[in-house]
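Residues per chain, in single letters:
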Amino acid sequence: MRAPCDGGVVNAPLSAAHDSETLSDYRDPDPFEVEAHGHTFRFYPRGKDRIEALIDVIESAKETLNCFYFEYAEDDAGARVRDALTEAAKRGVAVKLYIDAFGSMAEPPFFESLVEAGGTFSRFESKFSKRFLIRNHQKMCIADNARVMAGGFNITSEYFDTAANDGWKDLGVKITGPLVQRYTDWFACIDEWINSDGSEYRKIREMVRDWDPGDGPVQLIMGGPTSVTSEWARAFKRDISGADRIDAVTAYFAPPRSMRQVLRRAGRRKKLRMILASKSDFAVTVLAARLHYRSMVKSGIRLFEYQPSKLHMKLMVLDDICHFGSGNLDMRSVRLNLEIMVRVEDAEMAAKLRALIDDMEEVSRPVDKSWFQQYAGFTDRLRWYVSSFMLRFVDYNLSRKLNLGPTRLKNASRHHPEPADE
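An account of the accompanying structure is given in this report.

Criteria and thresholds
- Residues numbered from 1 in each chain as written.
- Predicted model: local features only at pLDDT ≥ 70, side-chain atom pairs only at ≥ 80, totals over all residues.
- Heavy atoms only, no water.
- Helix = DSSP H or I, 4+ residues; strand = E, 2+ residues; numbered from the N terminus.
- Buried < 20%, exposed > 50% of the residue type's maximum accessible area, 1.4 Å probe, protein only.
- Contact = heavy atoms within 4.5 Å.
- Areas by Shrake-Rupley, 256 points an atom, 1.4 Å probe, with all protein chains shown as cover.
- Phe/Tyr/Trp six-rings, centres within 6.5 Å; stacked < 30°, edge-to-face > 60°.
- Lys NZ or Arg CZ within 6 Å of the ring centre and 35° of its normal.
- Pairing = 2+ DSSP bridges.

Some remarks on the overall build of the protein chain
Consideration 1: The helix and strand inventory of the protein chain stands at 14 helices and 21 strands.
Consideration 2: Every one of the 422 residues in the protein chain was classed for burial, and the buried ones make up 58%.
Consideration 3: Pairs at least 24 residues apart make up 79% of the contacts formed inside the protein chain by residues separated by at least 6 positions.
Consideration 4: Looking at the protein chain as shown, the accessible area adds up to about 16800 Å², and 50% of this sits on carbon and sulfur atoms.

With respect to the packing of aromatic side chains
Consideration 1: If you walk through the whole model with that rule in mind, you get 19 aromatic pairs.
Consideration 2: Ring geometry for Tyr 69 against Phe 153: centres 6.5 Å apart, planes inclined by 40 degrees, an arrangement best described as tilted. Of this pair, Tyr 69 sits in strand β3 (residues 64-69) while Phe 153 sits in the loop between β7 (147-151) and β8 (168-169), placing them 84 residues apart in sequence. When sorted by exposure, Tyr 69 lands in the same class as Phe 153, which is buried.
Consideration 3: For the ring pair Phe 110 and Phe 111, a centre distance of 5.2 Å and an interplane angle of 90 degrees mean the geometry is edge-to-face. Both residues of the pair, Phe 110 and Phe 111, belong to the buried class.
Consideration 4: The ring of Phe 110 carries Arg 82 above its face, with NZ or CZ at 4.3 Å from the centroid.
Consideration 5: The ring of Phe 372 has Arg 294 lying over it, and the distance from NZ or CZ to the ring centre is 4.4 Å.

Describing the environment of Phe 153
Consideration 1: Look at Phe 153 and you get buried, because its relative accessible area is 1%.
Consideration 2: The spatial distance from the C-alpha of Phe 153 to the C-alpha of Arg 50 is 8.8 Å, given a sequence separation of 103 residues.
Consideration 3: What Phe 153 contacts, discounting residues up to four positions off in sequence, is Arg 50, Leu 54, Tyr 69, Lys 139, Tyr 159, Phe 160, Asp 170, Leu 171 and Gly 172.

A word on the pairing of β7
Consideration 1: Most of β7 sits inside the fold, with 4 of its 5 residues counted as buried.
Consideration 2: By the bridge criterion, 4 bridges tie strand β6 (residues 140-143) to β7 in an arrangement that is antiparallel. Note that in β7 the partner of Cys 141 across the bridge is Met 149.
Consideration 3: Between β6 and β7, which pair antiparallel and follow one another directly, the connecting turn spans 3 residues, one of which, Asp 144, has a positive phi of 55 degrees.

Structure (structure tokens):
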């Protein structure tokens, strides 16, 4: 069961420069666009712009729509996206929608109209317990192998709502250019995996292992269920090692020790700023992150907690290199979940995304001496240790141990048959 929206986390009050009036006046920035290496990237920091851009991508499709989301809800946003997909199927577009059953609250009957219109709908469901097995954490909607709407957002109303209405702070991006072909190639791998027999765990590992992100300035990098650090996490570490200025926003922070060491070394040598969550729908993610604050701040990292709303963004800018997509700096994203990240080397993009992080810092609470004096007492630290244990040793380790047998992604039909035993 999920915790309430503020996760039971006691948030530190803002300083005088970041008071309640500042928060009430805060508005997400307008969309902005960057041309880089034969691509157009249009970023959407504001929720209402994200959903309009997604609907536009769906409505513009003439031949194919390939979509995958970790979380999908039976709410206004979910209905609007489903109906747009259904209309696309009615006009002859080949529509495929896959969702992860662990993250999604939407059940097969909710998508009956899409299936009746000729679309394909499937949920990734595991043989054992949904709660402990692999999560396919990717998010994408690809139209005609020409445009893709990607980023960190899921399909529920709170990902498109305002902070005042308990919406998530997130980032979407619409991409045109050669990278879209790589998204299409990856979706074909997912499609083949979904419709094949055998060991899901072994097949996913092979897919992630064999994926070639390319060696140019624009790459599509995968993370997945590996016993060692994923390709995306390795690329991130390499980029940190060569960077003089590092800015990162991550919703969940509980990475393996090796990544924490890389970040602390960067903090000692370089200008490193991180913005983390102060609010979440799952309290332990915020509390577990706070366990690492003291060592991070001591190493020289400038650390902040974002105040206006729950934070779901995944964005890293390392000199002129940008990483954005579905991956968090936590154990699951680094070593277990299926993740998809875009890596772009471009000075203009880095400057604009860094300006977005500057905007977020204005409404974030610095984690400084006063923060520790007020919110790092014995009881607080005990909660941090318990939360870290739950995430790192219970959730992550048990997930890896259980995720050994074959599973199958069940296809929905208008009759919604029960899945066959395997």
